[in-house]
Amino acid sequence: MNGAASTDSSSPTVLKPRSKKPKYSRFSQQELPANKLILTPGFIITVFIAVGLIFISLGLVSLFASDSVVEIINRYDVDCLPSDYKNNMVGFIQSSSTNKTCTKSLTVPKQMKSPVFIYYQLENFYQNHRRFVKSRSDKQLRSKGFKGDKQSMETCKPVLQSTDKSLIVPCGLVAWSLFNDTYGFSVKGKSLQVNKKDIAWGSDKKYKFGSNVFPKNFQNTDEVGGAKLNSSIPLSEQEDLIVWMRTATLPTFRKLYGRIEQDLQANDIVTVVIQNNYNTYGFKGTKSLVLSTTSWVGGKNSFIGLAYITIGGICLFLAVSFILLYVIKPRPLGDPSYLSWNRNPSTTSRTLS
Ligand SMILES: *[C@@H]1O[C@H](CO)[C@@H](O)[C@H](O)[C@H]1NC(C)=O
């Protein structure tokens, strides 16, 4: 015990200087077992070959999957313009007396298994423009009886109040510019049912658009921007609007219009009756109709496949060049003298056989 040592006055106590040395441990002495990776040429070459082969096979698999997708793209904004309006495109689309109905025939190149997805594709439409994206009030879309706070209403301008000064629901440019072309499909004189249920994200329907918020005074401004909404259907059920309001990142984009839930056979002629209402003529945009099946990689897109194959190809190329380099000019392992510029040939242990 401590007390015993201090009361023992017979022997003078020598105070040992306390050692600064930490207690020995393999951690503090850096003696833990460790792996030092030695990158030998053989190891590197094996890794490159393995990665190359894996990537190329992944690439081929996804390329084949993307190739199995059948897709029909048909641009109709030019064809659906009567020839006497070629120089007055905006006049045609804005007039209420012109006939906007337009019929097109699409030939199915290969069998298309149900479901066949219908998209409209717009080009040169900048849904990502900052003032456009912000021109909405998410609070208003969500909550019933929202009278508007200053900040979220400010962004809705210029589509905030209808001509009689009452609040528009949903306000803002995004909702106002809702796409309003419609399509009807038939094959061999029999019309095809288009299912427009569940085309929007479930989370959008559930959380972002209220089931007790109804459209009010919508498209009641001097200028009509696009489709009208049925004011007896709550916003959470207005799926076309929900799809449209999930703004696209790029100026060329596709949005889901509906699904045809029956198989289309090869060489079938699909007759499409288009109501060509939406004004893309004013800003040199284009409109296309897309019919597409899907595979496990999604729609038709060879990018992933090509990217994998490119990376795999680069790896294999590096492997081959390392093999050549290593066979032609091998360097002994762990001999740094080989690296110095002015090395003395006599001290170099390089062996050329
Ligand atoms: C469709 O939208 C355009 C604007 O792009 C508008 O001029 C036209 O009146 C709308 N037509 C219908 C039927 O909603």
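That block above? That's the structure.
Along each chain, residues carry numbers from 1 onward, in the same order as the chain's sequence is written. This being a predicted model, a pLDDT of at least 70 is required before a residue's local features are given, and a value of 80 or more before pairs of side-chain atoms are given or counted; all residues contribute to the totals for chains, interfaces and linings. Excluding hydrogens and water, the side-chain values take into account all heavy atoms of the structure.

The term nonpolar core refers to a set of buried residues drawn from Ala, Val, Leu, Ile, Met, Phe, Trp, Tyr and Cys, joined through side-chain atoms within 4.5 Å. For each residue, the accessible area found with a 1.4 Å probe, counting protein chains only, is set against the maximum for its type, and the residue is called buried under 20%, exposed over 50%, and partly exposed in between. Tyr-183, Phe-185, Trp-244 and Val-270 are the most contacted members of the largest nonpolar core, which has 55 residues in total. Only DSSP runs of H or I reaching four residues or more are called helices, and only runs of E reaching two or more are called strands; each is numbered from the N terminus. Mapped onto this core, the elements with two or more residues apiece are β2 (101–107), β3 (116–123), α7 (173–176), β4 (182–187), α9 (239–245), β7 (253–260), β8 (269–275) and β9 (286–292). Ranked by residues supplied to this core, first place goes to β3 with 6 residues. Not counting the four nearest positions on each side in its chain, Phe-185 is found in contact with Ile-118, Ser-191, Leu-192, Val-194, Ile-260, Val-270, Thr-271, Val-272, Leu-289 and Leu-291. The contact criterion used throughout is that any non-hydrogen atoms of two residues lie within 4.5 Å.

Looking now at the site of the ligand. Near the ligand, the surroundings consist of Asn-180, Val-224, Gly-225, Gly-226, Asn-277, Tyr-278 and Asn-279. Here a polar contact is recorded for every N or O atom pair within 3.5 Å, except that within protein the pair must consist of a potential hydrogen donor and a potential acceptor, and residues adjacent in sequence are included only if both atoms are side-chain atoms. The separation between an oxygen atom of the ligand and a polar main-chain atom of Gly-225 is 3.4 Å. Method for areas: the Shrake-Rupley scheme with a 1.4 Å probe, in which residue coverage is limited to the protein chains shown. Coverage of the ligand by the protein chains reaches 69% of its 370 Å² of free accessible surface. Grid points spaced at 1 Å over the protein atoms alone were grouped into cavities, where a 1.4 Å probe fits but cannot get out, and pockets, open sets with protein on both sides within 12 Å along at least five of seven lines, with lining residues defined by an atom within 4 Å of a point. Occupancy of a cavity or pocket is assigned to a molecule whenever over half of its atoms lie within 2 Å of that pocket's grid points. Its atoms largely coinciding with the cavity grid, the ligand occupies the largest pocket. Note on residue classes: Ala, Val, Leu, Ile, Met, Phe, Trp, Tyr, Cys and Pro are nonpolar, Asp, Glu, Lys and Arg are charged, and everything else, Gly too, is polar. The residue inventory of the shell around the ligand, partitioned by class, reads 2 nonpolar, 5 polar and no charged. Proximity is defined per residue: if any heavy atom of the residue lies within 4 Å of a molecule or strand, that residue is considered near it.

Note on pairing: two strands pair once DSSP finds at least 2 bridges between them. A sheet is described by the order of its strands in space; here 5 strands give the open sequence β1-β9-β3-β7-β6, paired in antiparallel fashion. Bordering the open sheet on either side are β1 (71–75) and β6 (194–195), each of which pairs with just one other strand. Bridge analysis of β3 against β9 gives 7 bridges, and the strand direction is antiparallel. Paired with Glu-123 across the bridge in β9 is Thr-286.

This part is about the packing of helix α2 (residues 41–67) against helix α10 (residues 303–328). Lines fitted to C-alpha atoms define the axes, with helix axes restricted to the stretch in contact, and inter-axis angles between N-to-C directions lie between 0 and 180 degrees. Put simply, α2 and α10 touch, their axes get as near as 7 Å, and they point 155° apart. With respect to α10, the axis of α2 lies roughly antiparallel. The two elements α2 and α10 cross, and the hand of that crossing is left-handed. Looking at the contact of α2 with α10 residue by residue, the classes come out as 24 nonpolar, 6 polar and no charged. Roughly parallel means an angle under 35 degrees; roughly antiparallel, over 145; roughly perpendicular, 65 to 115; everything else is oblique. Crossings are sorted by hand: turned counterclockwise from the far helix by less than a right angle, the near helix makes the crossing left-handed, and turned clockwise it makes it right-handed.

Side-chain rings of Phe, Tyr and Trp (the six-membered ring for Trp) are treated as a pair once their centres are within 6.5 Å; stacked means planes under 30 degrees apart, edge-to-face means over 60, and tilted covers the remaining angles. Throughout the structure, instances matching the rule amount to 18 aromatic pairs. Geometrically, the ring pair formed by Phe-55 and Tyr-308 is edge-to-face, given 5.2 Å between the ring centres and 80° between the ring planes. Placement of Phe-55 in helix α2 and of Tyr-308 in helix α10 is noted, with a sequence separation of 253 residues between them. Judged by its relative accessible area of 26%, Phe-55 is partly exposed. With a relative accessible area of 29%, Tyr-308 lands in the partly exposed category. Measuring from ring centre to ring centre gives 5.4 Å for Phe-125 and Trp-244, while their planes differ by 80°; the resulting arrangement is edge-to-face. Of this pair, Phe-125 sits in the loop between β3 and α4 (130–133) while Trp-244 sits in helix α9; the two residues are 119 residues apart in sequence, bridging distant segments of the chain. Judged by its relative accessible area of 9%, Phe-125 is buried. Counting every residue linked through ring pairs, the aromatic cluster contains Tyr-120, Phe-125, Phe-132, Phe-179, Trp-244, Phe-253, Tyr-278 and Phe-283. Directly above the ring of Phe-92 sits Lys-100, whose terminal nitrogen or CZ lies 5.8 Å from the centroid. For a lysine, the NZ atom is tested; for an arginine, the CZ atom; a charge sits over a ring if that atom is within 6 Å of the ring centre and within 35 degrees of the ring normal.

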